[in-house]
Amino acid sequence: MLASQQPDRHTGAPGPSGGGSGDELIRTYKGWKGDNVFCFGGRLVFGPDARTILITIFLITAPVTVFCVFVGRKFIDDFPHHRGVSILAIAVGLNLLDLVFLFLTSGRDPGIIPRNLYPPEPEPEPEPEGIIESNSGEPQPPRLTHAPTQARLPRTKEMIVNGITVKIKYCDTCMLYRPPRASHCSICDNCVEKFDHHCPWLGQCIGLRNYRFYFMFVLCSALLCIYVHVFCWIYVKRIMDGENISIWKSLIKTPASIALIVYSFISVWFVGGLTGFHLYLISTNQSTYENFRYRYDRHENPFNKGIVGNFMEVFCTKVALSKNSFRAKVSKEPAIPPRMIVNGAMSSPSLQKVSQDIEMGRKPVWHETVEEELGDLEKDMETTSRDLSRMLPPEESQGRGIMHSRGSSRGTRGGSWEFSSRVNEDLRTRYESVSKRVGEDSSEESSGNVASR
């Protein structure tokens, strides 16, 4: 998926043999660990709240439709050679252009950074080198120790950007150090390059690869609101002049214009203010996330290239290639076997195997001895006890108690942490029943041998 120095460390990166022999191959988007929604076989990628796009489309298309039906068509005959049709054409064109930028923003990869399969290699602590002096001042050779070198994985690192030190942070979810200006979106569960914000109206993160389309979407929305608002007032003025009535009576004669004037007036404050805010961010080469978190106006912005250079970077550069190939075939990751539930308590798969053998009444074959059967059962019981000991609280938690009610959460999700004595009693009873059954079978076999003699 990502051409890097260590391609095998990224999710979805095929191995040298193309996925490995004998491994089940799936499309990358089917095994994607983020919360994205994919359409048309991974060709379109949306955020988890992609359904809000339908609401946005309705909020854009419905007012334009009302405008064309009740207001715009009234201007067709007001101009010679049917030039009034251009009023409808401009409204429909702005609407379609707005929808195009909407889908270009919400249906593409915003700049997702592929997560690693494993965390980066920790940096070892520096070891003392050379001669070490003792308290008496006499030099001593360095002491050798068999203790492993202590490794550390710093939460932040520093790098130089245009002569200014910038800190990059480690992401525990993606297991990588995020590049400068990148951040992890908690809604999409991905690290995004040049993260701006997550737009709930578009159901997608706004980042490096779709920011210019997002700005054009907001700008077209603002122009569309202004266009509808202005021509609604022109239509009201036309009624006033044609019938020689007051403005209030003319408004009553066109209720559609009243609704559109109120709707466009409210909307233009939202999308118009958003347009002005992002014009300021582009001119200073900031993102919304950086503006609210770092406040570059208090110190120098290492990414600022000047007003002209900043606008050129956003609108006149080539869109960066995606680092993900959602349709590529990769090896399916093995699923982790879930823990089983026995009498309301969690247990390991080995305990389930023992329980099934006992409940099905499995008897040893004639050549199996009592020691072999009991030895296998003891081995399974030891495995079960190790699995149960991992889930028990530590010994330091005195006074807290081991038993918890079924309704207690304790950080679990629907599972019960009841480790009652009936589990031990059940194991002990089954252990004794197996011993008794094996003993009876062996005695019957010995009596049969005596009778045959």
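You'll find the structure just up there.
Below you will find a few notes about this structure. Treat the numbers as computed from the prediction; the structure is a model and nothing was measured.

**Things to note about the sheet that holds strand E11 (residues 176-177)**
With antiparallel pairing, three strands are arranged side by side in an open sheet as E9-E10-E11. Only two strands of the sheet have a single neighbouring strand rather than two, namely strand E9 (156-161) and E11. Bridging between strand E10 (residues 164-171) and E11 involves two bridges; their strand directions are antiparallel. Bridging across to E11, tyrosine 170 finds its partner in tyrosine 177.

**Points about the pairing of E9**
Sheet topology note: the E9/E10 ladder contains six bridges and is antiparallel. By the bridge assignment, glutamate 158 is partnered in E10 with lysine 167. Connecting the antiparallel pair E9 and E10 is a turn made up of two residues, with asparagine 162 showing a positive phi of about 55°.

**Concerning helix H3 (residues 211-243)**
Side chains that are three or four residues apart share a direction in an α-helix, a result of its 3.6 residues per turn. Relative to the 48 Å expected for 33 residues at 1.5 Å per residue, H3 spans 49 Å between its end C-alpha atoms, a close match to the ideal helical length. A positive backbone phi angle near 55° is found at asparagine 244, which sits one or two residues after H3.

**What about a nonpolar patch on the surface?**
Together, Ile55, Phe58, Leu59, Trp201, Tyr263 and Phe270 make up an exposed nonpolar region whose accessible area comes to about 610 Å². Within the residue set of the nonpolar patch, elements represented by two or more residues are helix H1 (52-70) and helix H5 (255-284). The leading source of residues in the nonpolar patch is H1, at three residues. A relative accessible area of 33% places leucine 59 in the partly exposed class.

**Here we look at unusual backbone geometry**
You will see that methionine 175, though not glycine, has its phi angle at about 55°, which is positive. Position of methionine 175 relative to the elements: it lies in the loop between E10 and E11. Despite not being glycine, aspartate 189 has its phi angle at roughly 60°, a positive value. Looking at where aspartate 189 falls in the secondary structure, it is placed in the loop between strand E12 (183-185) and strand E13 (190-192).

**Re the nonpolar core**
In this structure, Phe67, Val71, Leu102, Leu202, Phe217, Tyr227 and Cys232 are the most contacted members of the largest nonpolar core, which totals 39 residues. Among the secondary structure elements, those contributing two or more residues to this core are H1, helix H2 (85-106), H3 and H5. If you tally residues by element for this core, the top one is H3, at 14 residues. When residues no more than four places from it in sequence are discounted, the contact partners of phenylalanine 217 are Thr56, Ile60, Asp98, Phe101, Leu102 and Leu202. Ranked by size, the runner-up nonpolar core spans six residues in total, among them Ile113, Cys171, Cys174 and Leu176.

**Digging into the environment of alanine 89**
Inspection of the secondary structure puts alanine 89 in helix H2. For alanine 89, a relative accessible area of 47% puts it in the partly exposed group. It is 9.4 Å that separates the C-alpha atoms of alanine 89 and glycine 72, two residues lying 17 residues apart in sequence.

**Things to note about the packing of aromatic side chains**
This structure, assessed with the given rule, holds 15 aromatic pairs. Ring plane angle 55° and centroid distance 5.1 Å describe the contact between phenylalanine 38 and phenylalanine 326, whose orientation is recorded as tilted. Of the two residues, phenylalanine 38 is situated in strand E2 (residues 37-39) and phenylalanine 326 in the loop between helix H7 (307-315) and strand E16 (329-331); the sequence distance between them amounts to 288 residues. For phenylalanine 38, a relative accessible area of 18% corresponds to the buried category. A relative accessible area of 7% means that phenylalanine 326 is categorised as buried. Through a chain of ring-to-ring contacts, three or more aromatic side chains come together here, namely Phe67, Phe75, Tyr227, Phe231 and Tyr235. In this arrangement the basic side chain of lysine 157 is found over the ring face of tyrosine 177, its NZ or CZ atom lying 4.3 Å from the centre.

**Here we look at the state of the cysteines**
Enumeration according to the criterion identifies zero disulfides in this entry. Note on cysteine 205: no disulfide assigned, nearest cysteine sulfur contributed by cysteine 185 at a separation of 3.2 Å.

**What to know about the pattern of salt bridges**
Summed over the entire model, instances satisfying the criterion amount to eight salt bridges. Where lysine 323 meets glutamate 193, a salt bridge forms, and the shortest distance between an N and an O atom there is 3.2 Å. Of this pair, lysine 323 sits in the loop between H7 and E16 while glutamate 193 sits in the loop between E13 and strand E14 (197-199), placing them 130 residues apart in sequence. On the basis of relative accessibility, which here comes to 28%, the residue lysine 323 falls in the partly exposed class. Note that lysine 237 is salt-bridged to aspartate 241, the shortest N-O span being 3.5 Å.

Basis of the calculations
Residues numbered from 1 in each chain as written. Predicted model: local features only at pLDDT ≥ 70, side-chain atom pairs only at ≥ 80, totals over all residues. Heavy atoms only, no water. Pairing = 2+ DSSP bridges. Helix = DSSP H or I, 4+ residues; strand = E, 2+ residues; numbered from the N terminus. Expected span 1.5 Å × (residues − 1). Patch = residues over 30% accessible without salt bridge, like charges linked within 9 Å, V, L, I, M, F, W, Y side chains within 5 Å. Areas by Shrake-Rupley, 256 points an atom, 1.4 Å probe, with all protein chains shown as cover. Salt bridge = Lys/Arg side-chain N within 4 Å of Asp/Glu carboxyl O. Buried < 20%, exposed > 50% of the residue type's maximum accessible area, 1.4 Å probe, protein only. Core = buried A, V, L, I, M, F, W, Y, C linked by side-chain atoms within 4.5 Å. Contact = heavy atoms within 4.5 Å. Phe/Tyr/Trp six-rings, centres within 6.5 Å; stacked < 30°, edge-to-face > 60°. Lys NZ or Arg CZ within 6 Å of the ring centre and 35° of its normal. Disulfide = S-S within 2.5 Å.

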